[in-house]
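So you can see what is in the structure, the chains are spelled out below.
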Amino acid sequence: MTHVDPQIKPQPVIRQLDEAAINRIAAGEVLERPASAVKELVENAVDAGATRIEVVIADGGKTLIRVTDDGCGIAAKDLALALSRHATSKIDGSDLLNIHSFGFRGEALPSLGAVGRLTITSRVLPETAARIAVAGGVTDPVTPAALNNGTVVELRDMFYATPARLKFLRTDRAESQAVGDVIKRLAMAEPFVTFILRDASNGDQRTTFRADAESGDMFDALHGRLRTVLGREFAENAIPIDAERDGFHLTGYAALPTYSRGAAIAQFLFVNGRPVRDKMLLGALRAAYMDVLSRDRHPVAALFVDCDPTLVDVNVHPAKSEVRFREPGAVRGLIVSGLRHALAGAGHRASTTVAGATLGAMQPEQTQPRVYQMDRPSFSARSMTFQAQAPQTIPGFAEGPSARFEPMPADDTQVQRDLPLGAARAQVHENYIIAQTETGLVIVDQHAAHERLVYEKLKAQMADNGVAAQALLIPEIVELSDNEVATLLGFAEDLQKMGLTIEAFGGNAIAVRETPAILGEINAGKLLRDILDELTDQGDSTQLKSRIDAILSRVSCHGSIRSGRRMQADEMNALLREMEATPMSGQCNHGRPTYVELKLSDIERLFGRT
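Because the structure is a prediction, the values reported are computed rather than measured. (Residues numbered from 1 in each chain as written. Predicted model: local features only at pLDDT ≥ 70, side-chain atom pairs only at ≥ 80, totals over all residues. Heavy atoms only, no water.)

What follows is about the sheet that holds strand β10 (residues 238-245). Each strand in a sheet pairs with its neighbour through backbone hydrogen bonds, running either in the same direction (parallel) or in the opposite one (antiparallel). The strand order across the open sheet formed by five strands is β10-β11-β14-β12-β13, and the pairing between neighbours is mixed. Here the strands that pair on one side only, and so sit at the sheet edges, are β10 and β13 (274-276). Averaged over all adjacent pairs, the angle separating strand axes in this sheet is 20°, with direction ignored. Sheet topology places strand β12 (residues 267-271) next to β13; three bridges connect them, and they run antiparallel. Each bridged residue has a counterpart across the sheet, and for F270 the counterpart in β13 is P275. (Pairing = 2+ DSSP bridges. Helix = DSSP H or I, 4+ residues; strand = E, 2+ residues; numbered from the N terminus. Axes fitted to C-alpha atoms, helices over the stretch in contact; angles between N-to-C directions.)

Have a look at this one:
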């Protein structure tokens, strides 16, 4: 047996890879799964000016992906060139920062042709249509074809040329869901374009998603498209966002805090119309809702950041799903301030789904359909009837200690019409206020509502007077790395506004001179490291503010009206009026609703009166 010396290694030889291998490597970066191919092809259709895009897939896109559009098309003489790497009509290569289109690399089509069986049929009016096919990197000549206008790109047997990639794909159902998610994100970005997704598995086509082109101005069109994609409940409980700062413009819709999700699966972010998954932007969205959502709940939003293309670099990821801003702090600040301002402007609004859930819980079990042959009487007629039919006081009937009611004033109808939360009618179980509005009734959790009111007052006072700091008798010295010291010192001015004063202490140390008085005795080293983690991960930190807000929240909880306290009519009405005037009073400090509004029509439906 020949002994091989492990110290002797063969000299590596540098060689030029052939075009097929290069395209397969590029496909590995750009095409992770069928959804990636759909994304590239649909983006090409949008860049071509299409107003109608139809996508057909089979077996999750593994065996068939067909994208049909009515865009400008590709000239017959350019079809072969379109299948060459880095051939594109979208940029001239002189400026990679001034990009106005989805695609610009020219890698998608040759990558698809390298891993599957690709056919492109296109027509540029008034010329005739032409077709070109490529399979496993081998291109056939251009031939005449029949097509009215636009382009049809068909990919069959994806990854047949690289079978090892097939092993990493998920089930057909999972891949179909991923394709649907891609289509929905692009549909949100382009509300004036019709998107249709069909599944042709098992030989029959069924439409799984359709979003017809919207009309009107941008906000109306976007609202209509979000209603189609995210559902009616989101559209009813979303507030418009429109803010601008330092050359960045933020638009979109964000849901009320009481309309939240248990996971971050409904957060859609776009930069210059491009769907992105950016950690900094998601962190800013989370920070904006920090004050109104508990940690286990997540906001729902579709936000669009628009700016000059030179202010953002989209060429940092092969799939173009990540971006890098020239001034990330300005973008983060715009998202946080824009969302908080919009949420504050929503006032006492709470999600309509809260009332829906309440009605669902109250729905009686129907044994047989009920039929009532009566018209709905007017409000005055009902009032007179109720007074005439009011039972005489029965001993023991109204002696329970957990409910009390208030008399109805003479000008009650006008009061209900002018006040969104109505007029207090009763208090039940010494915790819930029943108020009558013009269109129904409101049930208020007195403790949760007053807790939010006190919390907002405390925050306003702190904003006016600043955060009181307490000087440490002996400064606490925290040892850190050079980079960590530099990062914290660059953020020192912002920390000082929050009551935390730090300064360099030579070498790799920072001295903590003052801490926020409201936090009491704290572990300064742990706090600084938590702040560093956030700065490293998100480029900003809300750690200190969240701790201060948590203290204010606990103080407001102890200083608010307790459950079990009986309230007089003037106290209940004063609470309702203050809720109407206080921003974000529709949810408590933990994101739970402070009141439920039930429409009279819904209540009548519970009793089968409609």
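Bringing the environment of G73 into the picture now. For G73, the location among the structural elements is in the loop between β2 (64-69) and α3 (79-82). A residue is classified by how much of its surface remains accessible, and G73, at 16% relative accessible area, is buried. Remark: the alpha-carbon pair of G73 and R123, spanning 50 residues in sequence, is separated by 5.3 Å. Each residue touching G73, except ones within four places of it in the same chain, is listed here: S122, R123, V124, G150 and T151. (Buried < 20%, exposed > 50% of the residue type's maximum accessible area, 1.4 Å probe, protein only. Contact = heavy atoms within 4.5 Å.)

Two side chains bearing opposite charge may form a pair once their charged atoms approach each other closely. Taken as a whole and assessed by the stated rule, the structure comprises 25 salt bridges. Among the ionic pairs, D199 bridges to R206, the shortest N-O distance being 3.9 Å. The partner of R513 in a salt bridge is E503, and the shortest N-O contact between them spans 2.6 Å. Of the two residues, R513 is situated in strand β23 (residues 509-516) and E503 in strand β22 (residues 501-504); the sequence distance between them amounts to 10 residues. Taking relative accessible area as the criterion, R513 reaches 30% and is therefore assigned partly exposed. Beyond isolated ion pairs, a larger network of salt bridges with shared partners links D291, R452, E456 and K459. (Salt bridge = Lys/Arg side-chain N within 4 Å of Asp/Glu carboxyl O.)

Here we come to the packing of helix α6 (residues 172-189) against helix α7 (residues 218-230). Packed helix pairs are specified by the crossing angle of their axes together with the interaxial distance, meaning the distance between the axes. Across the interface, α6 lies against α7 with an axial gap of 9 Å and an inter-helix angle of 165°. Comparing their axes, α7 and α6 come out roughly antiparallel. In the crossing of α6 with α7, the sense of the turn from one axis to the other is left-handed. Together, K184, A187 and M188 of α6 and L222, R225, L226, V229 and L230 of α7 make up the contact between the two elements. Classifying every residue of the contact of α6 with α7 gives six nonpolar, no polar and two charged. (Parallel < 35°, antiparallel > 145°, perpendicular 65-115°, else oblique. Left-handed = near helix turned anticlockwise from the far one by under 90°. Nonpolar A, V, L, I, M, F, W, Y, C, P; charged D, E, K, R; others polar.)

Attention now moves to the side chain of E154. Within the secondary structure, E154 is located in strand β7 (residues 150-156). Here R156 takes part through its side chain, which lies 2.9 Å from a polar atom of the side chain of E154. Those residues in contact with E154, other than ones at most four positions away along the chain, are L64, I65, R66, R117, L118 and T119. (Polar contact = N/O pair within 3.5 Å; in protein donor to acceptor, adjacent residues only side chain to side chain.)

Contact geometry for helix α14 (residues 446-465) and helix α18 (residues 543-558): axes closest at 8 Å, N-to-C directions at 135°. When the interaxial angle is binned, α14 and α18 end up oblique. As for how α14 packs across α18, the hand of that crossing is right-handed. Between α14 and α18, the contacting residues are H447, E451, V454, Y455, L458, K459 and M462 on the first element and I548, D549, L552, S553, V555, S556 and C557 on the second. For the contact of α14 with α18, the residue count by class is eight nonpolar, three polar and three charged.

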